[in-house]
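Here is how the chains run, residue by residue.
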Amino acid sequence: MADQFDTIYDVVVLGFGGAGATAARFAADAGKQVLLVDAAPYGEEGGNTRYAGQAANFARDYDQMMTYYNWLTYPMTLPEDVKAAYVHGLTQNKAYFEKYLGVKPMASREIAPNSPLTARVVEYPEFPGHDTNDALSVHKGHFDAALWKILRQKVVDRADRIDVWLDSPAKKLLQAADGTVVGVTILRNGELVQVAARHGVVLTMGGFENNQDMIQTYLGEANLSPMGSLYNRGDGISMAERAGAKMWHMTNYESYSLMHGLYFAVPGAKRSHETYWEAGPEDGGVIVIGDDGTRYFNEAEVARHGHIYSHGSWRHAPLSVKPYMIFDQAQYTHFQAKPFKYIQLADLVIKADSIAALEQKLGLPQGNLTAAIDTYDRYAKAGKDEQFGRPAETMRPFGAGPYYAVLMVNTILNTQGGPARNGKAEIIGQDNQPIPHLFGAGELGGITANLYQGAGNLAECLIFGKIAGENVAKTAPLSYPTSGQHQKINDLLSGDQLGEIKLGPNEYLGQSNSGMGGKLVVKVTYIDHTIKHIEIVQQHESEDVGLVALQQLPEEMVAQNNTEVDATTGASATSHALQAAVRDAISKSQQ
C-alpha cells in the first residue's frame, strides 16, 4: 500500500488543541514520529483550550469523586472503564502538572477560597462527594491561555519528533478492508495529501460549535453563538461516522457568560465572550424576555454552564430566537457605572420613552411586555417572585423612563457529543468493538454525558490525551517502508522564526510571551527617545478583540510616545503583552 501515500508517519494526530498537543507529546515521548495537524492557520491554533479559563479539575479522593461524577452523569450512563480512567486521572492531576507540565499547580480552593471563580469550582454542591473536587491552575491568572502556552511549548520542544501542519484540514480517514485505520487525507496548500499512519490516528478535533447544520440537527436550536475556537466545525464527527464510529450524547452542550448563557448581539461579531452578571442586590429594574415579550427564567439564578433548575433537575433553559434584556433608566445608569467587558452598551441599546413604545419598537405582541413588567413589579413589591423564584433582594419595581432593550444571543461554549471511546481512548464502532488504530480525546466525543463540572474539559484533554498518545504508540505497526517518510515540515517553527527579519537603522525587535496564544513580536523604530513606528511581526491573539488591540494600541503608543496607554476593553492580556514587547524593543536600543 506504500505507493498510495505521499508521506508516512508513525502517528497522526488531528487537532491541535489541548488534547491534540498532549497526545502528540506522549506519542513522541514513546519514540514515535508524529504529524500534528490542524485546520486553523498559524497564530490561531489551540482549539477551545486557548480560550478556556485555564483550570483543570482534580480530585483528592477517588471514591468520593466517583460518587460525584455518577451524580453528574445521572440519569445517563457511561461505561465503567471510561469513568474509572477519568476519575483516576483526576486524582493524579497534581502530580501530572509537576511531572509533565513542569509547574507546581495552584488549587483554587486552597489559594482563593472566597473568590467568585472558586465558588464555581463545585458546580453542583447538592450532590454527594462534591467536597473532593477542586481546580488546578498553572498560576493565579485565568482566561489568559497560560496552560495552553505550556502545552504548545511541549510540542515545540519535540520538533525532532513532531511535525506540525497548520491551515491543513483533514478530510477523510483511510481504512483497510478490515476497518483498520491506515492513514488520512489532508488538504495541504490546495492539494490532497495522503498520509499514512503506521500506529494509528488520534482524533482531537473538537466539537461542532461552528456548524449550524449540526447545531440544528443535534441540539435542536436554530443558531448559537460560539465562544471558543472558530475552527471547531464538526469535521471529526463526520470523519468518524464514515469510519463506522458509534456516537454518544450528541445533544449535550455547554453555554456560558451572562445568566443561563446569554451574550450581547454585537453586529458582525464572530464570537461571544465570557463575562459575569446575574441580578444582585444592586440591580432591580431589569428582566429578560423571550420572543413573545414575557419572562421565561429567574434572571438571578447562578447558571451552571447553561443549565438552570427545573422541576428537580438542571437543564438548558428553553431558548428564544431573539431574547431581549429590558431595563429602566436607573438600571442603565448602574450598568454604565460598572460596564460590561468587550462591549459599549450605548451602541447596542434600543431606547423608548415608554414601555408601550419600546414594545412597539421591538415588534412584540401588543400588551405582552407591559403585562410582563406589571407582573414583575407586583412580585417585587410583594417580595416574592411567584413565577420563577427570583430572590426578593434582587428585585426592584421598574422606575421612571426612558426604557431600554438590548438584543441578546444564546451562546455555545462547546459540544460534548461525538465518537464514543473506551477507557483506553480507543474509538468504538457500531459493534461496540474498537476500530483498529483509531483513538480519540478531548471534546470530540467528550465524556460529559449529562451535567458538566467546570474545568472538566481541560482535565479530560490532559487525561485522555495522555492515554491516547501512549496507547496509539503501543499498537502493532503496519508494514510500510522506513525510509523517506518524514517531510520535516513544522509550521510552528517556521512561523516562530525571527532570524529572517531584517532590521534597518534604529529598528529593534521586542517580544513577550504573555499574550493569549504564544509569542508576540514587534519591530519598533525608536529615534532620539521617541517611538516612531510599531510593526506587529508575529502574534497569536484572538481574531476579534485581540486584533482590535493590535490595531489600536500601536497608534496610541506612537502618538503619546508612551507604552502605558489604556488597555483595550476585553483584551487586557493582549494589551499588556504588546506593551511588554514594545518596552523590550526599546530596552535593546539602549544596549
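Since the structure is predicted, the reported quantities are computational estimates derived from the model, not experimental observations.

1. Some words on the overall build of the protein chain
Here's step 1: The number of helices and strands found in the protein chain is 16 helices and 26 strands.
Here's step 2: On C-alpha atoms alone, the protein chain measures out to a radius of gyration of 25 Å, which is about the 25 Å that the 2.2 N^0.38 rule sets for 591 residues.
Here's step 3: When its C-alpha atoms are laid out on the principal axes, the protein chain stretches across 80 × 70 × 45 Å.
Here's step 4: Scored against the burial criterion, the 591 residues of the protein chain give a buried share of 59%.
Here's step 5: Across the protein chain, contacts joining residues at least 24 apart in sequence account for 73% of those joining residues at least 6 apart.
Here's step 6: As displayed, the protein chain offers around 23,700 Å² of accessible surface, 49% of which is attributable to carbon and sulfur atoms.
Here's step 7: Across the protein chain, the 49 positively charged side chains and the 66 negatively charged ones have centroids separated by 3 Å.

2. Topic: the nonpolar core
Here's step 1: Formed by 69 residues in total, the largest nonpolar core has its most connected members in Phe16 and Phe464.
Here's step 2: Looking at which element gives the most residues to this core, the answer is helix α13 (residues 456-474), with nine residues.
Here's step 3: Among the nonpolar cores identified, the runner-up in size contains 34 residues, and Ala197, Ala240, Ala243 and Ala245 belong to it.

3. Overview of helix α12 (residues 368-382)
Here's step 1: Counted at 1.5 Å a residue, the expected span for α12 with its 15 residues is 21 Å, and the 21 Å between its end C-alpha atoms agrees.
Here's step 2: Buried within α12 are the following residues: Leu369, Ala372, Ile373, Thr375, Tyr376, Asp377, Tyr379 and Ala380.
Here's step 3: Where the residues of α12 are buried, they touch β14 (286-289), β17 (324-328) and α11 (355-362).
Here's step 4: A positive backbone phi angle near 80° is found at Gly383, which sits one or two residues after α12.

4. Considering helix α4 (residues 93-101)
Here's step 1: All of the buried residues along α4 are Asn93, Tyr96, Phe97, Tyr100 and Leu101. Along the long axis of α4, the arc covered by the buried residues comes to 105°, so they all point the same way.
Here's step 2: Contacts made by the buried residues of α4 are with α1 (18-29), β3 (56-59), α3 (80-91), β5 (133-137), α7 (146-156) and α13.
Here's step 3: Once α4 finishes, Gly102 follows within two positions and takes phi at roughly 75°, a positive value.

5. So, the sheet that holds strand β25 (residues 520-527)
Here's step 1: With antiparallel pairing, the three strands of this open sheet are ordered in space as β24-β25-β26. Bordering the open sheet on either side are β24 (507-512) and β26 (530-538), each of which pairs with just one other strand. This sheet shows a mean twist of 30° between the axes of neighbouring strands, independent of strand direction.
Here's step 2: Pairing of β25 with β26 involves seven bridges; the strand directions are antiparallel. Within β26, the residue paired with Lys523 across the bridge is Glu535.
Here's step 3: Strand contacts of helix α16 (residues 572-589): β24, β25 and β26, with the helix running at about 140° to β24, the strand carrying the most contacts.

6. Digging into the pattern of salt bridges
Here's step 1: Applying the stated rule across the entire model yields 24 salt bridges.
Here's step 2: Here Arg109 ties to Asp131 by a salt bridge, and the two come within 3.9 Å at their closest N and O atoms. In this pair, Arg109 is assigned in helix α5 (residues 108-111) and Asp131 in the loop between α6 (116-119) and β5, connecting sequence segments 22 residues apart.
Here's step 3: By relative accessible area, which is 48% here, Asp131 ends up partly exposed.
Here's step 4: Between Asp385 and Arg295 there is a salt bridge; the shortest N-O distance is 3.0 Å. Of this pair, Asp385 sits in the loop between α12 and β19 (403-412) while Arg295 is found in the loop between β14 and β15 (307-310), placing the two residues 90 residues apart along the sequence.
Here's step 5: Three or more residues are tied together by salt bridges with common partners; here these are Arg60, Lys94, Glu110 and Asp134.

7. A closer look at the environment of Ser255
Here's step 1: Mapped onto the secondary structure, Ser255 falls in the loop between β12 (253-254) and β13 (262-264).
Here's step 2: Taking C-alpha positions, Ser255 is 24 Å from Thr132, a pair spaced 123 residues apart along the chain.
Here's step 3: Excluding anything up to four places from it in sequence, Ser255 contacts His260, Gly261, His305, Gly306, His316, Thr411 and Leu413.
Here's step 4: Separated by 2.9 Å, the side chain of Ser255 and the backbone oxygen of Thr411 make a polar contact.

Rules of the game
The written sequence of each chain sets the order in which its residues are numbered from 1. Per-residue local features are limited, in this predicted model, to residues with pLDDT of at least 70; the limit for side-chain atom pairs, both in listing and counting, is 80 or more; totals at the level of whole chains, interfaces and linings are taken over all residues. The basis for every side-chain value is the complete set of non-hydrogen atoms in the structure, without hydrogens or water. Only DSSP runs of H or I reaching four residues or more are called helices, and only runs of E reaching two or more are called strands; each is numbered from the N terminus. Both definitions apply: the radius of gyration is a C-alpha atom measure, and the globule rule equals 2.2 Å times residues to the power 0.38. To sort residues, take the accessible area from a 1.4 Å probe on protein chains only and compare it with the maximum for the residue type: under 20% means buried, over 50% means exposed, and anything in between is partly exposed. Between two residues, a contact is recorded if the distance between any of their heavy atoms is within 4.5 Å. Methods summary: accessible areas were calculated by the Shrake-Rupley approach with a probe of 1.4 Å, and residue burial reflects only the protein chains presented. Charge counting treats Lys and Arg as positive and Asp and Glu as negative, with His and both chain ends excluded. Charge coordinates come from a single atom per side chain, which is NZ of Lys, CZ of Arg, CG of Asp or CD of Glu. As used here, the term nonpolar core means buried Ala, Val, Leu, Ile, Met, Phe, Trp, Tyr and Cys residues forming a set that is joined through side-chain atoms within 4.5 Å. Given a helix with a known number of residues, its expected span is that number minus one, times 1.5 Å. The arc in question is the one traced by the directions running from the helix axis out to the C-beta atoms. At least two bridges found by DSSP between two strands are what make those strands a pair. Structural elements are reduced to axes, namely lines fitted to C-alpha atoms, with helices fitted over the stretch in contact, and the angle between N-to-C directions of any two is expressed from 0 to 180 degrees. Throughout this description, the term salt bridge denotes a Lys or Arg side-chain nitrogen within 4 Å of a carboxyl oxygen of Asp or Glu. Counting of polar contacts relies on pairs of N or O atoms within 3.5 Å, with two restrictions inside protein: one atom must be capable of donating a hydrogen and the other of accepting it, and residues adjacent in sequence are counted only when both atoms are side-chain atoms.

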